[in-house]
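# Chain and residue survey
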Amino acid sequence: MTEHRVRFAAIFDAEVRRQNDRFRAAAAIRPGEDVLDVGCGTGESTREAAAAGANALGVDVSEQAIAKARELGGAAFEVADAQAHPFPAGAFDVVLSRFGAMFFPDPPAAFANLARALRPGGRLVLLVWQTRDRNEWYSVLHDAVAPGSTPPPPGPHFSLGDPDATRALLDGAGFTDVVFTEVAEPVCYGPDAATACEFALGLLDVKQLLDHGDEQSVARLRDAFAAHETPEGVLLDSRTWLVTARVSRA
C-alpha cells in the first residue's frame, strides 16, 4: 500500500480536496505555532501548516512516504511511530491528523502520547471517516467488485467513525471539549473512469473484495466509475468527521 500511496500521491490528495479545505479551516493554524502532523503520508497537510507560518513537523511510519515528502519539501519530516515516539512533553500547540489517526494499533496509548506532546490548551484536529455504512464509495466498490457477497469486517480506517466510542477514547486520553462536525462532501477517484480504476485497484478495500470477486470484477468496477464521471472527475459520496479537542489548560 505504501508504494501505491507514493505512486498516486497527487490523486490521494485530490481525492479529499473538499474535505481538506474544511480540515485546514478547522485547524486555523497561526504563524509561529508548533504543529505536529501525524500520519502525514507524503506531506500535503504538513506543507499547508508550514505555509500558514507554523513550525510544522510531519511524521509517518512509512519510510517511502517520508522520502517522497522530503523530496517535495516545504516542511520538516521524520519517520516516527506517533503512538510511541518520545516527543518532548508540551512541545506542540497543535496536533493534526488527516486520515492518519485511525490506524493506531493501541489507540488509548497513542492519544495519551499525543496529549502529552501538546502544551496546556493545545489543539487536536482530526479528519476521519464515518462508519462504513455511511460512505457510498465503499458500497460502489463492493457492489461492482463482489456483488452479492458479504463484505469483510470494516478495516481500521473506519475505527474512529463512531462518535460515542471516539469521544470516550479521547476523554480517557486527557482531551476535553471534544466536538464532531460532519463533512458531507464527495471524494474524487480521478479525472476519468480509467484512472479511477487503476487507482482503486491498489486500495486495501478493493484488494479484499477481489478475493470474493470474479474475472468480470475489474470491468464492472470501470463501468461503475464511468457512471459516476462528472466534469470534476469521478465523484463518490462520502461522510467524514472533523474532530476537534483540547488538552486542559490547568
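Further up the page is the structure itself.
Here we summarise the structure given alongside this text. Since the structure is predicted, the reported quantities are computational estimates derived from the model, not experimental observations. (Residues numbered from 1 in each chain as written. Predicted model: local features only at pLDDT ≥ 70, side-chain atom pairs only at ≥ 80, totals over all residues. Heavy atoms only, no water.)

## Description of the sheet that holds strand β7 (residues 187-188)
Stated formally: Here the rule is simple: two strands pair whenever DSSP picks up at least two bridges between them. Strands here mean DSSP runs of E at least two residues long; helices mean DSSP runs of H or I at least four residues long; both are numbered from the N terminus.
With respect to topology, three strands assemble into an open sheet ordered β7-β9-β8, the strand pairing being antiparallel. The open sheet has two edge strands, β7 and β8 (229-230), and neither has a second partner. Note: β8 against strand β9 (residues 233-236), two bridges, orientation antiparallel. Paired with T230 across the bridge in β9 is G233.

## Here's the deal with the pattern of salt bridges
Note the cut-off: In the sections that follow, a salt bridge refers to a side-chain nitrogen of Lys or Arg positioned within 4 Å of a carboxyl oxygen of Asp or Glu.
Inspection of the entire model under this criterion finds 16 salt bridges. As a salt-bridge pair, R17 and E44 come within 2.7 Å of each other at their nearest N and O atoms. Here E44 lies in helix α4 (residues 44-51) and R17 lies in helix α3 (residues 17-27), a separation of 27 residues in the sequence. Members of the salt-bridge network, linked through shared partners, are D13, R17, E44 and R98.

## Describing the nonpolar core
Nonpolar side chains in soluble globular proteins tend to end up buried together. Condition: We define the nonpolar core as a collection of buried residues of types Ala, Val, Leu, Ile, Met, Phe, Trp, Tyr and Cys that are connected through side-chain atoms lying within 4.5 Å of one another. Note on classification: 1.4 Å probe, protein chains only; a residue is buried when its accessible area is under 20% of the maximum for its type, exposed when over 50%, partly exposed between these limits. Note on contacts: a residue pair qualifies if any of its non-hydrogen atoms lie within 4.5 Å across the two residues.
Counting 76 residues, the largest nonpolar core has F111, F175, Y189 and F225 as its most contacted members. If you tally residues by element for this core, the top one is strand β5 (residues 118-129), at seven residues. When residues no more than four places from it in sequence are discounted, the contact partners of F111 are A101, F104, L124, L126, L160, L169, L170, A173 and F175.

## Things to note about the packing of α3 against α4
Rules: Axis lines are fitted through C-alpha atoms, for helices just across the contact stretch, and the angle between N-to-C directions can take any value from 0 to 180 degrees. Between 65 and 115 degrees an angle is taken as roughly perpendicular, under 35 as roughly parallel, over 145 as roughly antiparallel, and anywhere else as oblique. Handedness of a helix crossing follows the sense of rotation of the near helix relative to the far helix, less than a right angle counterclockwise being left-handed and clockwise being right-handed. Note that Gly is not counted as nonpolar here; it falls among the polar residues with everything else outside the nonpolar set of Ala, Val, Leu, Ile, Met, Phe, Trp, Tyr, Cys and Pro and the charged set of Asp, Glu, Lys and Arg.
Interhelical geometry of α3 versus α4 gives an angle of 40 degrees and a closest axis separation of 12 Å. The orientation of α3 with respect to α4, classified from their angle, is oblique. Like other packed secondary-structure pairs, α3 and α4 cross with a definite hand, here right-handed. Contact residues: R17, N20, F23 and R24 in α3; E44, S45 and E48 in α4. For the contact of α3 with α4, the per-class residue count stands at one nonpolar, two polar and four charged.

## Some words on the side chain of R98
For the record, the criterion: Here a polar contact is recorded for every N or O atom pair within 3.5 Å, except that within protein the pair must consist of a potential hydrogen donor and a potential acceptor, and residues adjacent in sequence are included only if both atoms are side-chain atoms.
Tracing the backbone shows R98 in strand β4 (residues 92-98). Side-chain polar atoms of R98 contact the side chain of D13, separated by 2.9 Å. Residues in contact with R98, not counting those within four places in the same chain, are R5, D13, V16, N20, F23, V38, G39, E44, S45 and L127.

## With respect to the packing of aromatic side chains
The condition that has to hold: What counts as a ring pair is set by centres within 6.5 Å for rings of Phe, Tyr and Trp (its six-membered ring), and what kind of pair is set by the plane angle: stacked under 30 degrees, edge-to-face over 60, tilted for all other angles. Cation placement over rings: the criterion is NZ of Lys or CZ of Arg within 6 Å of the ring centroid and within 35° of the ring normal.
Throughout the structure, instances matching the rule amount to 11 aromatic pairs. Note on F99 and W129: the rings are 4.6 Å apart at their centroids and 25 degrees apart in plane angle, and the pair reads as stacked. Of the two residues, F99 sits in the loop between β4 and α6 (107-117) while W129 sits in strand β5, which places them 30 residues apart along the sequence. Exposure remark for W129: the relative accessible area of 7% places this residue in the buried category. With a centroid separation of 5.6 Å and an interplanar angle of 45 degrees, the aromatic rings of Y189 and F225 are classed as tilted. Linking Y189 in the loop between β7 and α9 (193-200) with F225 in helix α11 (residues 217-227), this pair joins segments that are 36 residues apart in sequence. Each member of the pair Y189 and F225 is classed as buried. Within the aromatic cluster, the residues linked to one another by ring pairs are F8, F12, Y189, F199 and F225. Residue placement shows R132 over the ring face of Y138; its charged tip is 4.5 Å from the ring centre.

## Considerations on the packing of α9 against α11
Interhelical geometry of α9 versus α11 gives an angle of 130 degrees and a closest axis separation of 8 Å. Relative to α11, the element α9 is oriented oblique. The two elements α9 and α11 meet at a crossing, and its hand is right-handed. Of the residues in α11, those in contact with A193, A196, C197 and A200 of α9 are V218, L221, R222, F225 and A226.

## Things to note about unusual backbone geometry
Positive phi is not limited to glycine here, since F99 has a value of about 60 degrees. Residue D177 is not a glycine yet carries a positive backbone phi of 50 degrees. Assignment of secondary structure puts D177 in strand β6 (residues 175-183). With a relative accessible area of 56%, D177 lands in the exposed category.

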